[in-house]
2 protein chains.
Amino acid sequence: MADPKHHVVKPYLVTRRLHPENQETPIQFIENDRIQTSLFYRRNHFSYPNLTYSNYFLPINGMVNTPLLISLQSILQLPSKTVEVVLECSGNKRSLFEPKVFGEQWGKGAISQGVWKGVPLRTLLEISGIKEAAKEVVVEGYDFGKRTDLDKVFSYTRSLPLEKAIHPDTIIAYEYNKQPLSFKHGFPFRLIVPQWYGMASVKWIKQISVMASPFNGPFQKIDYMYYPNLENDDGAHPVTTINVNSTIQKPLDMAKINTGKHVIKGIAWSGKGNITHVEISTDNGHTWSKAQVSASKSSYKWVSWSYEWNAVEKGIFSILSKATDSSGQTQPIKPYRNRNGYGYNAIDNIKVMVE
Amino acid sequence: MADPKHHVVKPYLVTRRLHPENQETPIQFIENDRIQTSLFYRRNHFSYPNLTYSNYFLPINGMVNTPLLISLQSILQLPSKTVEVVLECSGNKRSLFEPKVFGEQWGKGAISQGVWKGVPLRTLLEISGIKEAAKEVVVEGYDFGKRTDLDKVFSYTRSLPLEKAIHPDTIIAYEYNKQPLSFKHGFPFRLIVPQWYGMASVKWIKQISVMASPFNGPFQKIDYMYYPNLENDDGAHPVTTINVNSTIQKPLDMAKINTGKHVIKGIAWSGKGNITHVEISTDNGHTWSKAQVSASKSSYKWVSWSYEWNAVEKGIFSILSKATDSSGQTQPIKPYRNRNGYGYNAIDNIKVMVE
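Identification of chain A as Sulfite oxidase from Neobacillus driksii is taken from an unreviewed UniProt entry. Recorded under Cofactor (unreviewed entry), the UniProt text for chain A is reproduced unchanged: "Mo-molybdopterin".

What follows is the structure in structure tokens.
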């Protein structure tokens, strides 16, 4: 009668919206660096597409020497590439902006990582060949629908500059953590663009088009742009590389804890290089100490860090974490405010009461 | 290959803490008025207890005429009572206090309801008989552990005034929604105290003791007390009846929506009587309109309400909901501030951007 399974305690995705499905990873409760599929954050612009896999063919067209229609099986037979990559939604931590910004109210969990296996996009483009005038590679997903701001129907389509498209680590992935890619994460093929925010990693790839001129779809030129001005579009520029960032996983924000030793732990990541150090403050930024940082084999992944804190006195403490990467970028005190709330990467902070 | 199950989109519990397990109901995404067990909020003070059910006996002692040790089977054979009851954690909505209050950072989902079947506590007390000096009934749970503020080990134990204990709807429940009570919600027996905040509804009942003098356990006299003063204990009084309250489920806070008609919907509840009306404002409280309220057969349950809003103009709108109950209580503009953040019931509010 006392089934031990009843005692299993586990975290779940945090539901932000159901239609389309937007759920975040319970990042405070993640202890490994390869997120299981069921806890990988889900970010959709539209309802899930209906695909028929039995006759799946991938068209590669536009400014290519030989337009192609490649079968699923042919792609799987090409030489594969495996990369360990963090994906972070550019709206991650949006709910932390003050004042608040409209849009999905992501907490700190619109981020996940694991092992992706696939075929370099470069390999496919080498097969088709690309014309000299080629400037961008546009990747269209099978997902489509209406937007709140425009009347037409659009598919989710994004463009990459040629240089990023032919980077050997930009892949068309079909496996995640050594399992076939799950439907919700883009089966049969999704793009994985290391070091860029997640909007670039198009799911359910329908078509690849090489272009000589800039792509102007709404997910390229309306969404995923930093608008520094609230009133006009002056200074608008595209969201691309992941900012240096860190998140405190433990203790929990607003927790009551005992006096004594506590491990402060978390993760840090950057799309601009390796994390070189993470500093922790337990006095709201007056003094800083270096955290122990786990060695990372890949600069595309987050690192874990920890710091042992001896809480001698009772009272309220603000705990901060601040990461620095090999490009010299450090988390700022205040986030870069922009109209749509992308790229939040201010120094992370929580409060605890020691009693 | 295209398994339709892949398209299932469902909400999950929102993880606030794992040890002990504290997870809230994804209340914005709940559409029925009998919450399934898997989405019922979980609030624990300690890790789950280890019980042996094979020789479970419930002791009833203290100021009784005949101390008893009743078997599980005997309790199941007594006349049963079924009640539909909302349980709300007294810390529900704690995260909405400004400035923030330490403790579990519950959002709006530390509330659930359904159909409970059990034996009235009164029936058990009639079998044992109670002495004239009896004043309180103390119910002890099998869950125990250390607190952050005291050195000793305590079990989770709560007391009810005799009047509430012998109310015919205060039951020892063993079924929820027509299924055996699940382990995590108190199997084999939990108290259900209608109209009171959830701290009264002790899970995994170990012992019932009738007392002639006030019970002074820490979950009675330290926790679950309103402390109006931050610096001292002046004016402290116990948390008991659920305050009149309402929650907007739709639209989602900080959502971007189209112009046109939208249904604003939510729930309202009170421990002090029936909900008589719910008012909605779409202009930050300048004008109010009555929402349609579902008829409720039981004053122990929440009611659902809805209001059709025609969003003609673009812009930012603050939407408020305000419930009133048959005792004349209405939600206040500001919450009742108290040191531990119990009983939050300010007018609910969300913002939307119409574009």
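Chemist: Describe the packing of aromatic side chains, with residues and values.
Modeler: Enumeration over the complete set of coordinates arrives at 35 aromatic pairs over all chains. Ring geometry for A:Tyr226 versus A:Tyr336: centroids 5.7 Å apart, planes at 65°, classification edge-to-face. In this pair, A:Tyr226 sits in strand 14 (residues 225-226) while A:Tyr336 sits in the loop between strand 23 (315-325) and strand 24 (348-354), placing the two residues 110 residues apart along the sequence. Centroid distance B:Tyr56 to B:Phe189: 5.6 Å. Interplanar angle 45°. Geometry classified as tilted. With B:Tyr56 in the loop between strand 3 (42-43) and strand 4 (57-62) and B:Phe189 in the loop between strand 11 (179-180) and strand 12 (190-192), this pair connects stretches of sequence that are 133 residues apart. The two residues B:Tyr56 and B:Phe189 agree in class, both being buried. Linked through ring pairs, A:Phe40, A:Tyr41, A:Trp116 and A:Tyr176 together constitute an aromatic cluster. The lysine or arginine in question, A:Lys322, covers the ring of A:Trp288, its NZ or CZ lying 4.1 Å from the ring centre. The positively charged end of B:Arg147 is found above the aromatic ring belonging to B:Phe219, 4.9 Å away from the centroid.

Chemist: Tell me about the sheet that holds strand 4 of chain B, and please be specific about residues and values.
Modeler: Residue and element names in this part refer to chain B. As summarised here, the arrangement of the five strands in space is 5-4-13-8-9, forming an open sheet in which the pairing is mixed. Only two strands of the sheet have a single neighbouring strand rather than two, namely strand 5 (68-71) and strand 9 (153-161). Direction aside, neighbouring strands of the sheet carry axes that sit 25° apart on average.

Chemist: Lay out the domain arrangement of chain A with the relevant residues and their values.
Modeler: It is common to report an interface's size as the accessible area lost on association of the parts. All names here are of chain A. As far as domains go, chain A holds domain 1 (14-223) and domain 2 (245-354). The gap between the C-alpha centroids of domain 1 and domain 2 is 29 Å. Each partner contributes residues to the interface: domain 1 has 35 residues there, and domain 2 has 29 residues. Where domain 1 abuts domain 2, roughly 2700 Å² becomes buried across the two surfaces, and 52% of that area is made up of carbon and sulfur atoms. The largest per-residue losses of area from domain 1 upon contact with domain 2 belong to Lys93, Phe97 and Gln195, which jointly make up 25% of the total buried on that side. On the surface where domain 1 and domain 2 come into contact, there are three salt bridges. A salt bridge links Lys301 to Asp33, with the nearest nitrogen and oxygen atoms 2.9 Å apart.

Chemist: Can you explain the interface of chain A and chain B? Please cite residues and give values.
Modeler: With 47 residues of chain A at the contact, the number on the chain B side is 47 residues. The interface formed by chain A and chain B includes zero salt bridges. Joining chain A to chain B, the criterion identifies 10 residue pairs in polar contact (both at pLDDT 80 or more). Looking at the side of chain A that touches chain B, the elements that each hand over two or more residues are strand 1 (14-17), strand 17 (255-257) and strand 24 of chain A. Ranked by the residues each element gives to the side of chain A that touches chain B, the list is headed by strand 1 of chain A, at four residues.

Chemist: Help me get a handle on the relation of the copies chain A and chain B, residues and values and all.
Modeler: Expressed as a screw transformation, the operator carrying chain A onto chain B has a rotation angle of 180° and an axial translation of 0.0 Å, and the superposed copies differ by an RMSD of 0.0 Å. What the superposition gives is, in effect, a two-fold axis relating one chain to the other. Nearest to the rotation axis, the C-alpha of A:Val14 is located 2.7 Å from it, this being the minimum over chain A. Mapped onto chain B, 100% of the interface residues of chain A again fall at the interface, so both copies present the same surface.

Calculation notes
Residues numbered from 1 in each chain as written. Chains lettered and ligands numbered in written order. Predicted model: local features only at pLDDT ≥ 70, side-chain atom pairs only at ≥ 80, totals over all residues. Heavy atoms only, no water. UniProt positions renumbered as here; feature names shortened; annotations may be inferred. Phe/Tyr/Trp six-rings, centres within 6.5 Å; stacked < 30°, edge-to-face > 60°. Helix = DSSP H or I, 4+ residues; strand = E, 2+ residues; numbered from the N terminus. Buried < 20%, exposed > 50% of the residue type's maximum accessible area, 1.4 Å probe, protein only. Lys NZ or Arg CZ within 6 Å of the ring centre and 35° of its normal. Pairing = 2+ DSSP bridges. Axes fitted to C-alpha atoms, helices over the stretch in contact; angles between N-to-C directions. Domains from an automatic or database assignment. Contact = heavy atoms within 4.5 Å. Buried area = accessible area lost by both parts, 1.4 Å probe. Salt bridge = Lys/Arg side-chain N within 4 Å of Asp/Glu carboxyl O. Polar contact = N/O pair within 3.5 Å; in protein donor to acceptor, adjacent residues only side chain to side chain. Least-squares fit on C-alpha atoms with pLDDT ≥ 70 in both.

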